[in-house]
Amino acid sequence: MAAPATRPERAPTAAELIDSFVRRSPLARCFPIFHSAQGAYLRFKSPWSGRERTVLDLNQNAGCAIFGHSPPDAVGALHACLAARTPMRLPLARCEAAEELSDVLLRNSGLGPRFQAVLGLHSGAEAIDQALALALCAPRPGGALHPAPAGGPPLMLVLLEGSFHGNCTRAAFSASAVFRAHPRREALCDFEAAYLAPDASAAQVEAAFARHDAGEAAVVAVVLEARQHFARFAALQPRTAAALQAAAARRGVPVVLDEIWSGVYRTGPFLALTAQAEEATEEAAVAGAAGTAAPPLLLPSAVVVAKGLSVGLCKHAALLVRDDLLPPAAAAPRPAAPCALACSAALACLAAAPPAAVAAKARRLERRVRELAAARAATLLPVVGRGFSYEFELRATSELQPEWCAVSMPHACPMHAPCVPMHATCTPHARHMHTRCACLVATVCLLHLLWWQGVFLLPRPLRRPRRYHAELSLDADEAQLLHLFAALDATARLAATLTALLWPLAFATRLFATLRHAPATPA
């Protein structure tokens with residue numbers, strides 16, 4: 001007699017997995033599980049008290065909700081789209097919202113009539129992949145890189161240090177089905193890279209193309225961020241941009257501008273590229289060159305826009321491409337039909353945020369943020385950032401570093417004055433001790449901000465500098481700024497107390513390491 005067939009076990013649902021995590025993981029006691037969001041605020045139920053809590057969301061998942069959570073314009077557009085029975089993601093259906101969104105993106109970007117908008121992309125990583133696919137197929141001196149001859153040189157990119165791509169060298173060619181199914185996917189995933197500082201000189205820029213010029217590698221594209229925040233806030237300097245543009249143009253290499261984070265008003269203008277042009281003009285005026293043309297800036301072949309375009313509701317990205325990079329039909333992979341819901345939501349939010357009005361508010365906001373930060377110079381380092389994004393670092397946390405101990409120890413203990421260059425003899429164990437102390441203080445401060453002060457920031461506690469990002473929404477007001485700085489004040493006092501408690505341990509560790517490795521004194 002045959003044994004009865006056993007029913008396969010049902011896979012747990014997402015809700016069941018979250019419930020299991022909340023019951024079993026200690027992390028659920030440290031970090032809340034949010035259940036609703038509106039505007040700039042998140043709500044959750046405290047696992048400690050069972051009460052409903054509200055926090056000011058300045059994390060925004062790294063800036064995806066610049067229009068706020070569940071923006072009314074987007075929600076209304078979604079209802080209208082569904083009520084109209086708009087066909088969704090059909091290749092032969094016409095999406096009027098997508099056509100209008102393309103026009104708005106091109107108009108707001110100011111890139112000119114030679115650009116087209118490619119929609120239907122789900123993420124910034126997929127849009128980067130798409131841009132690099134076009135760069136591979138683009139005509140250039142010596143012929144396109146795809147299809148490549150057997151035994152051809154390896155592919156490489158020119159990247160900026162400190163940018164997302166400069167920190168994650170495998171970030172490109174990672175997400176889309178285009179390259180997962182590409183015949184050269186192994187070579188594409190293991191590409192090489194040349195790295196440049198955002199303020200690199202013209203000679204350093206030329207050196208980055210040395211292997212390309214020698215035929216040892218083929219540069220697919222130059223991938224840049226006009227404003228970067230991954231490792232630290234930094235801006236691509238105009239003269240470096242001009243040198244990169246000239247070097248790429250001479251070699252027929254496309255320039256891909258990554259505005260995934262900085263685009264859609266994050267730094268004030270619709271694109272950070274516009275802010276860079278404004279700063280170059282101001283720099284020329286300050287230098288006494290009024291009436292003189294600003295240094296030539298980037299003329300990208302493609303611009304990637306993503307995070308803010310999702311309007312906090314759905315993953316959505318766009319690629320703004322110059323027409324000479326777009327191939328004939330079927331010559332290169334193209335994305336699927338755009339999603340009518342995503343295009344409708346993005347279009348409604350952009351229509352309610354005129355670029356001139358947003359830029360004016362960004363300037364007022366920046367002045368106010370700097371005023372509030374200057375009044376707290378004793379506890380905060382100078383604020384970095386512009387527009388709707390800022391970086392804060394607590395003085396107490398920044399001082400808990402090996403270099404600080406090397407300078408401070410002679411003042412605390414004059415008898416050890418010969419040990420001033422102690423950082424030179426610092427052991428890995430001593431450095432790790434200071435790093436652990438700094439991480440501990442930064443993490444405790446993050447939890448204090450979240451649970452006690454009701455502010456959710458974007459943390460970077462595990463690497464130096466130990467700082468926090470505040471990603472403001474377009475409707476940020478005076479009350480939110482005062483809430484943020486009051487929270488930073490209280491957290492700075494906590495960080496100072498923790499640093500004072502940990503300083504003896506850091507001092508003893510450094511002193512022990514110095515004495516242990518000091519050269520023996522002859523009798």
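Thresholds applied
- Residues numbered from 1 in each chain as written.
- Predicted model: local features only at pLDDT ≥ 70, side-chain atom pairs only at ≥ 80, totals over all residues.
- Heavy atoms only, no water.
- Helix = DSSP H or I, 4+ residues; strand = E, 2+ residues; numbered from the N terminus.
- Buried < 20%, exposed > 50% of the residue type's maximum accessible area, 1.4 Å probe, protein only.
- Contact = heavy atoms within 4.5 Å.
- Areas by Shrake-Rupley, 256 points an atom, 1.4 Å probe, with all protein chains shown as cover.
- Pairing = 2+ DSSP bridges.
- Axes fitted to C-alpha atoms, helices over the stretch in contact; angles between N-to-C directions.
- 1 Å grid on protein atoms, 1.4 Å probe; cavity = no way out; pocket = protein on both sides within 12 Å on 5 of 7 lines; lining within 4 Å.
- Points joined across faces, edges and corners; volume = space filled by probe spheres on them.
- Nonpolar A, V, L, I, M, F, W, Y, C, P; charged D, E, K, R; others polar.
- Core = buried A, V, L, I, M, F, W, Y, C linked by side-chain atoms within 4.5 Å.
- Parallel < 35°, antiparallel > 145°, perpendicular 65-115°, else oblique.
- Left-handed = near helix turned anticlockwise from the far one by under 90°.
- Polar contact = N/O pair within 3.5 Å; in protein donor to acceptor, adjacent residues only side chain to side chain.
- Phe/Tyr/Trp six-rings, centres within 6.5 Å; stacked < 30°, edge-to-face > 60°.
- pLDDT = per-residue confidence, 0-100.

**Student:** Quick one: what's the story with the overall build of the protein, residue by residue and with numbers?
**Tutor:** From N to C terminus, the protein includes 19 helices and 16 strands. Evaluated residue by residue, the protein yields a buried proportion of 51% over its 523 residues. Contacts in the protein between residues at least 24 apart in sequence constitute 75% of all its contacts with a sequence separation of at least 6. Carbon and sulfur atoms provide 61% of the accessible area of the protein, an area that totals close to 24800 Å².

**Student:** Outline the sheet that holds strand 10 (residues 255–259), listing residues and values.
**Tutor:** The mixed open sheet is built from seven strands, whose spatial order is 4-12-11-10-7-5-6. Strand pairing shows two members of the sheet lacking a second neighbour, strand 4 (115–121) and strand 6 (192–196), which therefore form its edges. Each strand of the sheet is rotated relative to its neighbour by a mean of 20 degrees, with strand direction disregarded. Judged from the four bridges that link them, strand 5 (residues 155–160) and strand 7 (residues 218–224) form a sheet pairing that is parallel. Note on strand 7: the bridge partner recorded for Val158 is Val222. Along the sheet face, helix 5 (residues 96–109) touches strand 4 and strand 12 (317–322) and points at about 130 degrees away from the line of strand 4. Packed on one face of the sheet, helix 6 (residues 124–137) meets strand 4, strand 5, strand 7, strand 10, strand 11 (302–305) and strand 12 and runs near 20 degrees to strand 12.

**Student:** Lay out the layout of surface pockets in plain terms, naming residues and giving numbers.
**Tutor:** When its volume is computed, the largest pocket comes out at roughly 440 Å³. Looking at the largest pocket, it is lined by 25 residues, and the ones nearest its centre are Gln60, Asn61, Cys64, Lys307 and Ser310. Secondary-structure elements contributing two or more residues to the lining of the largest pocket are strand 1 (34–38) and helix 3 (60–63). Per element, the largest residue contribution to the lining of the largest pocket is four residues, and it comes from strand 1. When its residues are assigned to classes, the lining of the largest pocket shows ten nonpolar, twelve polar and three charged.

**Student:** Run through the nonpolar core, naming residues and quoting values.
**Tutor:** Burial of nonpolar side chains together is a common tendency in soluble globular proteins. Formed by 95 residues in total, the largest nonpolar core has its most connected members in Leu350 and Phe392. Per-element accounting of this core gives the leading share, eight residues, to helix 19 (residues 478–516). Other than its neighbours up to four places away in sequence, Leu350 contacts Phe67, Leu101, Val104, Leu105, Val264, Tyr265, Phe270 and Leu309.

**Student:** Quick one: what's the story with empty space enclosed by the protein, residue by residue and with numbers?
**Tutor:** What the rule picks out here adds up to one cavity of 30 Å³ or more. In this structure, the largest cavity is lined by Gly39, Ala40, Asp57, Leu58, Gln60, Ala65, Gly68, His69, Leu472, Ser473 and Gln480. A class-by-class count of the residues in the lining of the largest cavity yields four nonpolar, six polar and one charged.

**Student:** So what's going on with the pairing of strand 5? Which residues, and what values?
**Tutor:** Within strand 5, six of the six residues are buried, which leaves the element mostly enclosed by the surrounding structure. Side chains Leu155, Leu157 and Leu159 of strand 5 all project onto a buried face; the interleaved residues Met156, Val158 and Leu160 project onto the opposite face, where all are buried too. The pairing of strand 5 with strand 6 spans five bridges and is parallel. Paired with Leu157 across the two strands is Ala193, which belongs to strand 6.

**Student:** Please set out the packing of helix 4 (residues 72–83) against helix 14 (residues 340–351) residue by residue, giving values where relevant.
**Tutor:** Interhelical geometry of helix 4 versus helix 14 gives an angle of 140 degrees and a closest axis separation of 8 Å. Classified by the angle between their axes, helix 4 and helix 14 sit oblique to one another. The handedness of the crossing between helix 4 and helix 14 is right-handed. Each of Asp73, Ala74, Ala77, Leu78, Cys81 and Leu82 in helix 4 lies in contact with helix 14, whose residues at this interface are Ala340, Leu341, Ser344, Ala345, Ala348 and Cys349. Classifying every residue of the contact of helix 4 with helix 14 by side-chain character gives ten nonpolar, one polar and one charged.

**Student:** Tell me about the packing of helix 5 against helix 14, and please be specific about residues and values.
**Tutor:** With their axes 9 Å apart at the nearest point, helix 5 and helix 14 run at an angle of 40 degrees to one another. Between helix 5 and helix 14, the angle is such that the two are oblique. In the crossing of helix 5 with helix 14, the sense of the turn from one axis to the other is left-handed. Here Ala97, Ala98, Glu100, Leu101, Val104 and Leu105 of helix 5 lie close against helix 14, whose contacting residues are Cys343, Ser344, Ala346, Leu347 and Leu350. When its residues are assigned to classes, the contact of helix 5 with helix 14 shows nine nonpolar, one polar and one charged.

**Student:** Before we move on, could you go through the side chain of Ser46 and cite the residues and values that matter?
**Tutor:** Structurally, Ser46 is set in the loop between strand 2 (41–45) and strand 3 (52–58). One polar contact links the side chain of Ser46 to the main-chain amide nitrogen of Ser49, over a distance of 3.3 Å.

**Student:** Describe in detail the packing of aromatic side chains, supporting the description with residues and values.
**Tutor:** Summed over all chains, the structure comprises five aromatic pairs. The interplanar angle of 85 degrees and the centroid separation of 5.5 Å between the aromatic rings of Phe44 and Trp451 together place this pair among those described as edge-to-face. Of this pair, Phe44 sits in strand 2 while Trp451 sits in helix 18 (residues 428–451), placing them 407 residues apart in sequence. For the residue pair Phe44 and Trp451, the accessibility class agrees, reading buried in each case.

**Student:** Report on the confidence of the model for the protein, specifying residues and quantitative values.
**Tutor:** Model confidence for the protein is summarised by a mean pLDDT of 78, while 74% of its residues fall at 70 or above. Predicted confidence for residues 402–432 stays below pLDDT 50, and this span has 39 contacts to residues more than four positions away or in other chains.

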